[in-house]
Amino acid sequence: MNITAKEGITDARQLGTGKYVILGVQHLFAMFGATVLVPVLTGLSVSSTLLFAGVGTLVFHLVSKLQVPAFLGSSFAFLGGYMSVKSLGVEQGMTETLALDYACMGVFCAGLCYFVMAGLIKTFGLEKILKYFPPLVTGPMIIAIGLVLSGSAIQNCTTNWPLALVAVVTVIATSVWGKGIIKIIPILLGVLVSYTVAAVLGEVDFSALNDAAWVGLPFTREQTVLAVFDNMDSTFLISTIIAIVPIAIATIMEHIGDMCAISSTVGKDFLKEPGLHRTLMGDGLATALASLFGAPANTTYGENTGVLNLTKVFDPAVIRLAAGFAILLSFCPKFACLIGLMPAATIGGVSLILYGMISAVGVRNLVEDSVDLDSSRNVFVAASILVVAIGVKYGSEDNVSIGPIHFSGLALAALMGVLLNAVLPGKLGMKVKSVHGKEKP
């Protein structure tokens, strides 16, 4: 089955300025709830996050020849890495801010991995490279990411379970029974409804909001990785890189899946033109750039792909307009303060759903690709990934030390999964699904 162009609008300007702007705002709202939740969960800057969601999206569009209608928002895959590094840094006497700076350096290196993968794919072809990273490895890795994060969600929920349940019920209800744009932005609505209930009940102290300026810079020097070089701990930096870089295995696979989804939605094979190597480089460059300024790693957003499917407006210029709105919003400290005052229970309720959804995506990968778990070989690979990632996370030390270097559970799990899959006798890779829905050997 060949991809043919879908019926839709490829030039939004024909709709008129008013509708063009509204479409851009709609894409902003679609990415907003999940994107700002990442800095709230990690302690990174909300303003810097919005700034580099916008800047990263524009960079991605430039690298991909302005052809792909994708928005880049905050990636949840790296949450475990941020939290592990922050916890380890605090144990060693660092401030949380400095520990997060080191984590951002790790994410910067992860962003560079996209360039390595892009080069390999361009040189050897997609199928030859992906056989080393089949769903047998990436599926359990994604499941582990969600489960590793689940403990923090429950801790936040316990601060006020009624508020958390309001968020949970709102997200589920709008996802299942919502229509139109309501169905596209369940995370944002879950936050808004729970936050509003908390405000009405007097659970939020808004006094700090009065001191926040309306206009200001999105980040300070202390929130950039420059602080790392003031008095760099090279051993801790190596531990950070080892803890975070392997997560790129899962996010690169996620990127490929997103490109297939966008291609299917629009009716153009973006893996061929402008090429997967270009979209990977755009995503990696956006992630590396964001990390240098204290913003989370970026990833292509499925929420915005849902908006494309809903509106049938496939013009990438609309996405770039949404990116411009995100950049403008990043220069409002008062708005960032409002996000920072969000109750922990609201965060917990929404993240409870999100972390569960991350694990569910991993399960879906295993099912959709028909991974044979009757095979002892495959069971060993999948089980090793899950047990190592979760066991190390919830063990007494939260990491494994080999000499002065510390390894997170996710890092060890990723390395073990790739290694076992490569050395155990049997089928090395799974069949790779093309964007057309067929399978390639």
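Residues numbered from 1 in each chain as written. Predicted model: local features only at pLDDT ≥ 70, side-chain atom pairs only at ≥ 80, totals over all residues. Heavy atoms only, no water.

Another point: the overall build of the protein chain. Tallying secondary structure elements over the protein chain gives 18 helices and six strands in all. Taken over the C-alpha trace, the protein chain has a radius of gyration of 21 Å; the compact-globule value for 441 residues is 22 Å, and the two agree within 12%. Seen along its three principal axes, the alpha-carbon backbone of the protein chain occupies a region of about 65 × 60 × 40 Å. Burial status across the protein chain gives 55% buried among its 441 residues. A separation threshold of at least 6 residues defines the contact pool for the protein chain, and within that pool the share at least 24 residues apart is 84%. Surface accessibility of the protein chain: about 18400 Å² in total, with carbon and sulfur atoms responsible for 66%. Taking the average location of the 25 positive side-chain charges in the protein chain and that of its 26 negative ones, the two points are 13 Å from each other. (Helix = DSSP H or I, 4+ residues; strand = E, 2+ residues; numbered from the N terminus. Rg over C-alpha atoms; globule rule 2.2 N^0.38 Å. Buried < 20%, exposed > 50% of the residue type's maximum accessible area, 1.4 Å probe, protein only. Contact = heavy atoms within 4.5 Å. Areas by Shrake-Rupley, 256 points an atom, 1.4 Å probe, with all protein chains shown as cover. Lys, Arg positive; Asp, Glu negative; His and termini not counted. Charge placed at Lys NZ, Arg CZ, Asp CG, Glu CD.)

Next up on the list: the packing of helix α1 (residues 17-42) against helix α2 (residues 46-63). Taken N-terminus to C-terminus, the directions of α1 and α2 make an angle of 135°; their axes are 9 Å apart at the nearest point. Compared by their axis directions, α1 and α2 come out oblique. Handedness of the crossing formed by α1 with α2: right-handed. Of the residues in α2, those in contact with M31, F32, T35, V36, P39 and V40 of α1 are V46, T49, L50 and A53. (Axes fitted to C-alpha atoms, helices over the stretch in contact; angles between N-to-C directions. Parallel < 35°, antiparallel > 145°, perpendicular 65-115°, else oblique. Left-handed = near helix turned anticlockwise from the far one by under 90°.)

What follows deals with the packing of aromatic side chains. Scanning the entire structure with this criterion turns up four aromatic pairs. With 5.1 Å between their ring centres and 15° between their planes, F52 and F293 make a pair best called stacked. With a gap of 241 residues between them, F52 in helix α2 and F293 in the loop between α12 (271-292) and β2 (298-300) connect regions that are remote in the sequence. Seen in terms of ring centroids, Y195 and F206 are 6.3 Å apart; in terms of plane orientation they differ by 15°. Their pairing is stacked. Placement of the pair is Y195 in helix α9 (residues 186-200) and F206 in the loop between α9 and α10 (234-244), with a sequence separation of 11 residues. (Phe/Tyr/Trp six-rings, centres within 6.5 Å; stacked < 30°, edge-to-face > 60°.)

Where charged atoms of side chains with opposite charge meet at close range, the side chains can pair. Here the structure, examined in full by the defined rule, presents two salt bridges. A salt bridge links E273 to K65, with the shortest nitrogen-to-oxygen separation between them at 3.6 Å. Linking E273 in helix α12 with K65 in the loop between α2 and β1 (72-74), this pair joins segments that are 208 residues apart in sequence. With a shortest N-O distance of 3.8 Å, E368 and R364 are connected by a salt bridge. With E368 and R364 both in helix α16 (residues 344-368) and four residues apart, the pair spans about one turn of that helix. (Salt bridge = Lys/Arg side-chain N within 4 Å of Asp/Glu carboxyl O.)

This next bit is on the confidence of the model for the protein chain. Predicted confidence across the protein chain gives a mean pLDDT of 86, with 94% of residues reaching 70 or more. Here strand β6 (residues 439-440) stands out as the least confident element of the protein chain, with mean pLDDT 38; α2 is the most confident, with 95. Below a pLDDT of 50 lies the segment residues 430-441, which in the model reaches 32 contacts outside its immediate sequence neighbourhood of four places, other chains included. (pLDDT = per-residue confidence, 0-100.)

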